[in-house]
Amino acid sequence: MSVPVITIADLADHVGEEVTLKGWVYNWRKKGKLRFIILRDGFGYLQCVVFRPEVDESVWEAAVALTQESSVEITGIVAADERAPGGYELKVTGIVPVQIAPEYPLGKKEHGVDFLLNHRHLWLRSKRPHAILRVRSELEQAIRDFFYSRRFTLIDSPILTPAACEGTSTLFETPYFGDTAYLSQSGQLYLEPAAAAFGRVYCFGPTFRAEKSKTRRHLTEFWMVEPEVAWLQFDGLLDLIEEFVSEIVSRVLDRCSEELDRLERDVSKVEPATRRPYPRLDYGDAVRILKEQGYDIEFGDDFGGDEETALAALHDRPVLVTRYPTEAKAFYMQPDPDDPTRALAVDALAPEGYGEIIGGSERIGSLELLEQRIAEHGLPREAFEWYLDVRRYGGFPHSGFGMGIERCTAWICGLHHAREAIPYPRTINRLYP
Ligand code: 4AD
Ligand code: MG
């Protein structure tokens, strides 16, 4: 009978049996006639024990030759052992080295963050990035399930586009067969027509901003999830944001406790976000509060990172700041019918200084007003004709929002910088690896 090949996640089903695992040497140590190999296979860690008197001399020699991050197939008997990390141990019977690695650049000593980011392709194997990216993966799955269960249709929006969505100052240009194309800043403009076709839609993909800022919240390439809903108006949008954030955060806290533990995240700081309602704060009140706190801010200004942090610090869960000045916000946002100087716009600010994780709005419904706003923003009218069609042929109220995955992951995991929340970060000074 051949020995089954399993992963570390499957150990519980094989106690007392002989199995083979394929992976990499995370670490090893020796003690007399014993050699302990900590095997890593992506699913977990397993202590493999080689006892010289009980194995062929060739197996012992293979064990001794293994270096950190060598790839290897190890066969042995699974034993349940409460003292072992993870609760299991492998009593080794056979070792097949696959490749013996030379000295591994990520040693046990502390490395600077630049060194680590230059070795991101290897750093992914370490416990901290591994835990963070597992949380990110769970978050993305929670998001997809949220929308799937509510009958949203996934609409993949294009990356190469003819025009700006979120302002012309952060556009990446690329030559396009004698013309110019721009990397998408947001899929929103493409979702609005799709909302008229499918009712409820979302897109989820990479977006690009030529951000000159070097803050811990800004990446030049980040992933955004954007729902767009036909017939949804501003109050409904606020409810949707609250329902969405509370549900996906609950799911991640439920399913990633091991990872968050490894990251030493104080989850009691995140838990309040699983409970509704979320506080709502009118922009005018927000400015008043900031002034009282001594911030140099005037009605009409957009908030910077410090202001966002101050506003969020007043609450234990995300706060929804509403009705920003029309002038400070994007061209497509619906003005408040009661006060057109204000837009039906919302930002969700996460606690603990994580800042804006969501931006959204009701969209302009009227063709004339949208034409006027495109002109006021100096946008090329020709590039938006198709977008205006959404108002020409069966105009309808609709709303949507965008959430940055890295900022949300950074918040849930308690990371200082959003660059740790994406497998291969791109920032103003990083395009490698
Ligand atoms: O507020 P933003 O610019 O909104 C939009 O793009 C809308 N079109 C979304 C919509 O209504 N469909 O961006 C939305 C979110 C921000 O709240 C933030 O989480 C994230 O995207 N984000 C960034 N994340 C990392 N680095 C950057 N440079 C980011 N810019 C925005
Ligand atoms: Mg925004």
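This structure is a prediction, so every number in the text was calculated from the model and none was measured. (Residues numbered from 1 in each chain as written. Chains lettered and ligands numbered in written order. Predicted model: local features only at pLDDT ≥ 70, side-chain atom pairs only at ≥ 80, totals over all residues. Heavy atoms only, no water.)

**Here we look at the pairing of strand 17 (residues 345-350)**
- Of all 6 residues that make up strand 17, 6 are buried, and the element is covered over most of its length.
- Neither face of strand 17 is exposed, since Ala345, Asp347 and Leu349 on one face and Val346, Ala348 and Ala350 on the opposite face are all buried.
- Two elements, strand 14 (residues 319-322) and strand 17, share 4 bridges in a ladder whose sense is antiparallel. Each residue of the ladder has a partner; that of valine 321, found in strand 17, is aspartate 347.
- Taken together, the 6 bridges between strand 17 and strand 18 (residues 355-362) define a ladder with antiparallel strand orientation. Each bridged residue has a counterpart across the sheet, and for valine 346 the counterpart in strand 18 is glycine 360.
- Counted between consecutive antiparallel strands, the loop separating strand 17 from strand 18 contains 4 residues, among which glutamate 352 sits at a positive phi close to 60 degrees. (Buried < 20%, exposed > 50% of the residue type's maximum accessible area, 1.4 Å probe, protein only. Helix = DSSP H or I, 4+ residues; strand = E, 2+ residues; numbered from the N terminus. Pairing = 2+ DSSP bridges.)

**Describing the site of ligand 1**
- Contacts to ligand 1 come from 23 residues, most closely from Glu166, Gln188, Glu226, Glu356 and Ile357.
- Between a nitrogen atom of ligand 1 and a side-chain N or O atom of serine 186, the distance comes to 2.9 Å.
- Separating a nitrogen atom of ligand 1 from a side-chain N or O atom of glutamate 211 is a distance of 3.2 Å.
- In the complex, 94% of the free accessible area of ligand 1, which totals 630 Å², lies under the protein chains.
- Looking at the shell around ligand 1, the elements with two or more residues in it are strand 12 (221-230), strand 18 and strand 19 (398-404).
- Ranked by residue count, the leading element in the shell around ligand 1 is strand 18, at 5 residues.
- Broken down by class, the residue content of the shell around ligand 1 amounts to 7 nonpolar, 8 polar and 8 charged. (Near = heavy atom within 4 Å. Polar contact = N/O pair within 3.5 Å; in protein donor to acceptor, adjacent residues only side chain to side chain. Areas by Shrake-Rupley, 256 points an atom, 1.4 Å probe, with all protein chains shown as cover. Nonpolar A, V, L, I, M, F, W, Y, C, P; charged D, E, K, R; others polar.)

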